[in-house]
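Structure at a glance
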Number of protein chains: 2
Amino acid sequence: MSKKFKIPSATIGRLSMYSRYLKDADNKGIVTVSSRNIAEATGVTPAQVRKDLAYFGEFGTRGVGYNSRELYNYIMKILGLDRSWPVAVIGAGNLGRALCHYKGFAERGFNICCVFDNDPNKIGEKFADVEVFPMSALEEKVKVHNIKLGIIAVPASSAQEAADNMIKARINGIINFAPINVIVNENILLRRVDLAAQLEYLTYSLEDN
Amino acid sequence: MSKKFKIPSATIGRLSMYSRYLKDADNKGIVTVSSRNIAEATGVTPAQVRKDLAYFGEFGTRGVGYNSRELYNYIMKILGLDRSWPVAVIGAGNLGRALCHYKGFAERGFNICCVFDNDPNKIGEKFADVEVFPMSALEEKVKVHNIKLGIIAVPASSAQEAADNMIKARINGIINFAPINVIVNENILLRRVDLAAQLEYLTYSLEDN
């Protein structure tokens, strides 16, 4: 599948939402869905659904709709989710522990396989079957498990170091939960998840009430 | 400040990013910044910065730029962050605990003031000074603290019940971390934070490597 052209990141986010709806529809035995069904379930316009899908080719049958399972499988392939992904978590604190217990990863093929921490008291602990290893084991574990994705779950003061260590170990996709920007080379994929910013989408609107 | 016209939610997200950069610039003693400075620091185009700000009026001086502190204060006001917001967390599990310890909330004025759980063993526990109360205390605590924001940090199977309870207690802005959609009335502000979807922005691009 050619993905050399630039797809807006908002489209990727919506494809992710569409795929969850399609999975759900398929599970309920709904064979065919329209762009309007998808739109209503995910809070966008039908035109947006069609535009997002058009980046990747022709789908569905005019006047009939899309086959739920086929479109689901196709979107999962676009998103790189037709396989499973081992994930490393840096930081065996509360957030690292919560991520290991989070049920939403496995159902999308993400498998947290190791947690890393510098605190000797935490080494060997298990969070939902995921073992905590010393940071010094990162490079070897990344190699053994072929890990390409890592999550920064350390305090702000250690976030850059965590990123640097992951990159040295050849992890090239990083999610940063620490409330600080980390700086990486442009060939590294980095996404910061700012939990406070999520609340700000609400306060903006609440202020008007 | 009139916010009756519809602002795209992506603009709100970017204003949040701009404000963090402006705060940082002001802390560093940088008095004036250009739209290009803001754009470079936040990964958007200067035209986008100007367009986002134009929703709210005229800012800055042509050829000079914006006063960092003034623009910061103005954006914080737009976002409803010129005050502090008490926040309730439903669920005293790993995620609830991690949220109470998360340092990024306080610096934006979010103050988790109570956690609620049904598990009698958890009642009275403290996560970083935040006490765990029984669900039955929710309504009273919301009233006492004037809480308008709540976070769902329970497993998927209890998420809808958590939302229903918050709404009954008159919380009208909800962040849902559970990996499931909850259904609420249209007068309730709801935002789902899907942690797996964050990883999917990366896998889409990694697949191409």
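For clarity, every value in this text was computed on a predicted model and none was experimentally measured.

Looking now at the overall build of chain A. The helix and strand inventory of chain A stands at eight helices and nine strands. In terms of principal-axis extent, the alpha carbons of chain A reach across some 60 × 45 × 35 Å. The 209 residues of chain A split such that 50% are buried. Split by element, the accessible area of chain A, about 10200 Å² in all, is 47% carbon and sulfur.

One pass over the structure, following the stated rule, counts six aromatic pairs over all chains. Ring geometry for Y55 of chain A against F56 of chain A: centres 6.4 Å apart, planes inclined by 65 degrees, an arrangement best described as edge-to-face. Judged by relative accessible area, which is 27%, Y55 of chain A ranks as partly exposed. Owing to a relative accessible area of 10%, F56 of chain A belongs among the buried residues under this scheme. For the ring pair Y102 of chain A and F105 of chain A, a centre distance of 4.8 Å and an interplane angle of 65 degrees mean the geometry is edge-to-face. We classify F105 of chain A as buried; its relative accessible area is 3%. Sitting above the plane of the W85 of chain A ring, R83 of chain A keeps its charged end 3.7 Å from the centroid. The ring of Y201 of chain B carries the charged tip of R191 of chain A above its face, separated from the ring centre by 3.5 Å.

Each copy of the sequence occupies a distinct position, and chain B is placed on chain A by a rotation of 180 degrees and an axial shift of 0.0 Å, giving an RMSD of 0.0 Å. Within this description, the copies of the chain are treated as partners about a two-fold rotation axis. Comparing contact sets, 100% of the residues at the interface of chain B also lie at the interface in chain A, consistent with an isologous, same-surface contact.

Most often, soluble globular proteins keep nonpolar side chains buried together rather than apart. The biggest cluster of nonpolar side chains holds 101 residues, and the ones touching the most others in it are F105 of chain A together with F105 of chain B. Sequence-distant contacts of F105 of chain A, that is, excluding residues within four places in its chain, are made with L99, F110, I112 and I151 of chain A together with L195, A196 and L199 of chain B.

Attention now moves to the domain arrangement of chain A. Segmenting chain A into domains produces domain 1 (9-78) and domain 2 (85-197). A separation of 31 Å is found between the C-alpha centroids of domain 1 of chain A and domain 2 of chain A.

Let us now look at the interface of chain B and chain A. Opposite the 61 residues of chain B that make contact, chain A presents 61 residues. Summing both sides of the interface, chain B and chain A together bury roughly 5400 Å²; the carbon and sulfur share of this comes to 66%. In this structure, E200 of chain A and R108 of chain B form a salt bridge, with 2.7 Å as the shortest nitrogen-oxygen distance. For the pair chain B and chain A, the number of links is 16 residue pairs in polar contact (both at pLDDT 80 or more). The biggest single contributor to the side of chain B that touches chain A is helix α8 (residues 195-206) of chain B, with twelve residues. Across the side of chain B that touches chain A, the residue classes break down as 32 nonpolar, 13 polar and 16 charged.

Of note, S19 of chain A is situated in helix α1 (residues 9-27). Filtering out sequence-adjacent residues up to four positions away, S19 of chain A remains in contact with Y72, I75, M76, L79 and R108 of chain A.

It is worth spelling out the sheet that holds strand β4 (residues 110-117) of chain A at this point. Each strand in a sheet pairs with another by means of backbone hydrogen bonds, the pair being arranged parallel or else antiparallel. Residue and element names in this part refer to chain A. Strand order across the open sheet formed by seven strands is β5-β6-β4-β3-β7-β8-β9, with mixed pairing between neighbours. Of all strands in the sheet, those bounded by a partner on one side alone are β5 (126-127) and β9 (189-192). Across four bridges, strand β8 (residues 173-176) lies against β9 in parallel orientation. Note that in β9 the partner of N176 across the bridge is R192. Packing against the sheet, helix α6 (residues 138-145) makes contact with β3 (85-90), β4 and β6 (130-134), and its axis sits at approximately 165 degrees to β4.

All names here are of chain A. Taking 1.5 Å as the rise per residue, helix α8 (residues 195-206) with twelve residues should run 16 Å; its terminal C-alpha atoms sit 18 Å apart, in good agreement. Within α8 the residues assigned to the buried category are L195, A196, A197, Q198, L199, E200, Y201, L202, T203, Y204 and L206. Where α8 starts, the residue carrying a side-chain oxygen 3.0 Å from the main-chain nitrogen of A196 turns out to be D194.

Moving on to the sheet that holds strand β4 (residues 110-117) of chain B. Strand order in the open sheet made by the seven strands is β5-β6-β4-β3-β7-β8-β9 (chain B), with mixed pairing throughout. Either end of the sheet is taken by a strand with one partner, and the two such strands are β5 (126-127) and β9 (189-192) of chain B. Across the sheet, α8 of chain A lies against β3 (85-90), β4, β7 (149-152), β8 (173-176) and β9 of chain B, angled at about 165 degrees from β9 of chain B, the strand it touches most.

This paragraph deals with the pattern of salt bridges. Pairs may arise between side chains of opposite charge once their charged atoms sit close together. Taken as a whole and judged by the stated rule, the model has 18 salt bridges over all chains. Between D194 of chain B and R192 of chain B there is a salt bridge, and its shortest N-O distance comes to 2.8 Å. Three or more residues joined by partner-sharing salt bridges are found here, namely R20 and R108 of chain A together with R192, D194 and E200 of chain B.

Turning next to the environment of G80 of chain B. Looking at where G80 of chain B falls in the secondary structure, it is placed in the loop between α4 (68-78) and β3. Between the C-alpha atom of G80 of chain B and that of G29 of chain B, which follows or precedes it by 51 residues, the distance is 25 Å. Apart from residues no more than four positions distant in its own chain, G80 of chain B is found in contact with T203 and E207 of chain A together with W85 of chain B.

Calculation criteria
- Residues numbered from 1 in each chain as written.
- Chains lettered and ligands numbered in written order.
- Predicted model: local features only at pLDDT ≥ 70, side-chain atom pairs only at ≥ 80, totals over all residues.
- Heavy atoms only, no water.
- Helix = DSSP H or I, 4+ residues; strand = E, 2+ residues; numbered from the N terminus.
- Buried < 20%, exposed > 50% of the residue type's maximum accessible area, 1.4 Å probe, protein only.
- Areas by Shrake-Rupley, 256 points an atom, 1.4 Å probe, with all protein chains shown as cover.
- Phe/Tyr/Trp six-rings, centres within 6.5 Å; stacked < 30°, edge-to-face > 60°.
- Lys NZ or Arg CZ within 6 Å of the ring centre and 35° of its normal.
- Least-squares fit on C-alpha atoms with pLDDT ≥ 70 in both.
- Contact = heavy atoms within 4.5 Å.
- Core = buried A, V, L, I, M, F, W, Y, C linked by side-chain atoms within 4.5 Å.
- Domains from an automatic or database assignment.
- Buried area = accessible area lost by both parts, 1.4 Å probe.
- Salt bridge = Lys/Arg side-chain N within 4 Å of Asp/Glu carboxyl O.
- Polar contact = N/O pair within 3.5 Å; in protein donor to acceptor, adjacent residues only side chain to side chain.
- Nonpolar A, V, L, I, M, F, W, Y, C, P; charged D, E, K, R; others polar.
- Pairing = 2+ DSSP bridges.
- Axes fitted to C-alpha atoms, helices over the stretch in contact; angles between N-to-C directions.
- Expected span 1.5 Å × (residues − 1).

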